Amino acid sequence: MMNFHLIETLHIFQMLGMLERRPIPPSNLAPLSQPGGLLTLADLGKNLGEPAITDWDRDRAKSLLNEISQLATQLGLDATHHRIMLFSTSLGFKMKPEDFIVEVRVLRETLSGELGKCMFYHYPPDKLRVMQGFYPSWKRINEAFPTAKHEALAAIDCYALGHNIASVFHSMRVAEYGLRALAKERKIQLPRNKPLEWGTWQEIITELDNYAKRIVHKVRPGKPKDDALAFYSGALADLSGFKDEYRNQVMHVRKQYDEHQSLRAYTKVHAFMERVAEKIDHKHHTIRWGLKFSP
């Protein structure tokens, strides 16, 4: 879903209006009968033999055209893009003030006309606040697992849109990045040489659980053992809960979810991925716990 900010568009229209109506102070010009001793661009064009827009107007227009171009790209406004191209070309030459005003006005009307055909969604304020916390709260996770970022963003966006089942679905896809990262870190081997990418959640969880049991029974007590068990057992508890409470239900159309349940799934997955990102990332380095297994 597109994150569209109305305030940016309002700013664009405000700046276009300013360029269209901006009074220009006279500089070494014969005074005209204008209130306050100011000349508009149109007046300037009428009273100079070789009128031209100022460098300020040219630079401001170029900056604003770049801003409008980004908006037009985001919203797919083809006619606006075309007007920007024509306006930019004209700015490369000496422009009369009246021609400048016409270009500004036509661009404003084109943009307004195309925006009138667009439809936008307004996020409820409480859900918007949750969305706005995404980037700071997921910073470490996004750095550790950059390919999971899109799924996590989709999960919170679907929650904000009220698509709660879709939000749970995307949250489980995020959790799967953590699941498979753990399997690769432990170099899990699935039965019958099945590729890890094709392994089911249960198969991977079973192998990870077997490794945790080895730590329990085969490693002498000490801090390395405690740290490793806390990490793997905690991750396994999260994954088993996800599988039974969310993943199996949402994949097989067994349950509906409301906004509270979808937000809870998203929050739990965030905590799980933070746990995983503290130790491993998408490069799948092996964690050096310092464990010593007995025969």
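Everything below is about the structure shown above.
Residues numbered from 1 in each chain as written. Predicted model: local features only at pLDDT ≥ 70, side-chain atom pairs only at ≥ 80, totals over all residues. Heavy atoms only, no water.

A. Quick look at the overall build of the chain. Helices and strands together make up the secondary structure of the chain, namely 13 helices and two strands. Counting across all 295 residues of the chain, residues that qualify as buried make up 40%. (Helix = DSSP H or I, 4+ residues; strand = E, 2+ residues; numbered from the N terminus. Buried < 20%, exposed > 50% of the residue type's maximum accessible area, 1.4 Å probe, protein only.)

B. Expanded view of a nonpolar patch on the surface. A cluster of nonpolar side chains, Leu6, Ile7 and Leu10, forms an exposed patch at the surface whose accessible area comes to about 330 Å². Structurally, Leu10 is set in helix H1 (residues 6-21). On the basis of relative accessible area, Leu10 is assigned to the partly exposed category, the value being 49%. (Patch = residues over 30% accessible without salt bridge, like charges linked within 9 Å, V, L, I, M, F, W, Y side chains within 5 Å. Areas by Shrake-Rupley, 256 points an atom, 1.4 Å probe, with all protein chains shown as cover. Salt bridge = Lys/Arg side-chain N within 4 Å of Asp/Glu carboxyl O.)

C. Region of interest: the environment of His217. With respect to the element layout, His217 can be found in helix H11 (residues 201-218). Looking at His217, the relative accessible area reads 64%, which means it is exposed. Note: C-alpha distance between His217 and Ser294 (77 residues apart in sequence) is 8.8 Å.

D. Representation of the side chain of Glu103 within the structure. Positionally, Glu103 belongs in helix H5 (residues 97-115). Among the residues examined, Glu103 registers a relative accessible area of 14% and is labelled buried. Setting aside its immediate chain neighbours within four residues, Glu103 contacts Arg83, Phe87, Ser90 and Met95. (Contact = heavy atoms within 4.5 Å.)

E. Spotlight on the packing of aromatic side chains. Taken as a whole and judged by the stated rule, the model has twelve aromatic pairs. On the basis of an interplanar angle of 85 degrees and a centroid distance of 5.4 Å, the ring pair of Tyr211 and Tyr232 is categorised as edge-to-face. Of the two residues, Tyr211 is situated in helix H11 and Tyr232 in helix H12 (residues 223-251); the sequence distance between them amounts to 21 residues. Like Tyr211, the residue Tyr232 is buried in the burial classification. A ring pair is formed by Tyr246 and Tyr257, whose centres lie 6.0 Å apart and whose planes are at 35 degrees; its orientation type is tilted. With Tyr246 in helix H12 and Tyr257 in the loop between H12 and helix H13 (259-277), this residue pair connects regions lying eleven residues apart in the sequence. For Tyr246, a relative accessible area of 1% translates into the label buried. On the accessibility criterion, Tyr257 (7% relative accessible area) is buried. Taken together, the ring pairs connect Tyr211, Phe231, Tyr232, Trp289 and Phe293 into an aromatic cluster. (Phe/Tyr/Trp six-rings, centres within 6.5 Å; stacked < 30°, edge-to-face > 60°.)

F. A look at the side chain of Thr110. Along the chain, the position of Thr110 falls in helix H5. Ignoring any residue separated from it by four or fewer positions in sequence, one finds Thr110 in contact with Ala79, Thr80 and Arg83.

G. Focus on the pattern of salt bridges. Counted by the stated rule, this structure contains 18 salt bridges. Linking Asp209 and Lys213 is a salt bridge whose minimum nitrogen-to-oxygen distance equals 3.3 Å. Remark: Lys213 and Asp209 occur in helix H11; sequence separation between them is four residues, near one turn of the helix. The residue Asp244 makes a salt bridge to Lys243 at a minimum N-O spacing of 2.8 Å. Overall, the relative accessible area of 46% leaves Asp244 in the partly exposed class. The exposure class of Lys243 is buried, given its relative accessible area of 11%. Shared partners join several salt bridges into a network, and the residues in it are Glu20, Arg105 and Arg108.

H. Spotlight on unusual backbone geometry. Of note in the backbone geometry, Arg192 takes a positive phi value of approximately 55 degrees without being a glycine. Structurally, the position occupied by Arg192 is in the loop between helix H10 (164-185) and H11. Relative accessible area serves as the criterion here: at 75%, Arg192 is assigned to the exposed category. Backbone geometry at Asn193 places phi at a positive 55 degrees, although glycine is not the residue there. Along the chain, Asn193 falls in the loop between H10 and H11.

I. Region of interest: the nonpolar core. With 55 residues, the main nonpolar core has Phe145, Leu182, Tyr232, Phe242 and Phe272 as its most contacted residues. If you list the elements that add at least two residues to this core, you get helix H8 (139-144), helix H9 (149-161), H10, H11, H12 and H13. It is H12 that provides the largest number of residues to this core, a total of ten residues. In this view, Tyr232 contacts Leu182, Glu185, Arg186, Tyr211, Ile215, Ile287 and Trp289; residues no more than four positions away in its chain are not counted. Counting residues in each nonpolar core, the second largest holds 22 residues, with Ile12, Ile53, Ala72 and Met95 among its members. (Core = buried A, V, L, I, M, F, W, Y, C linked by side-chain atoms within 4.5 Å.)

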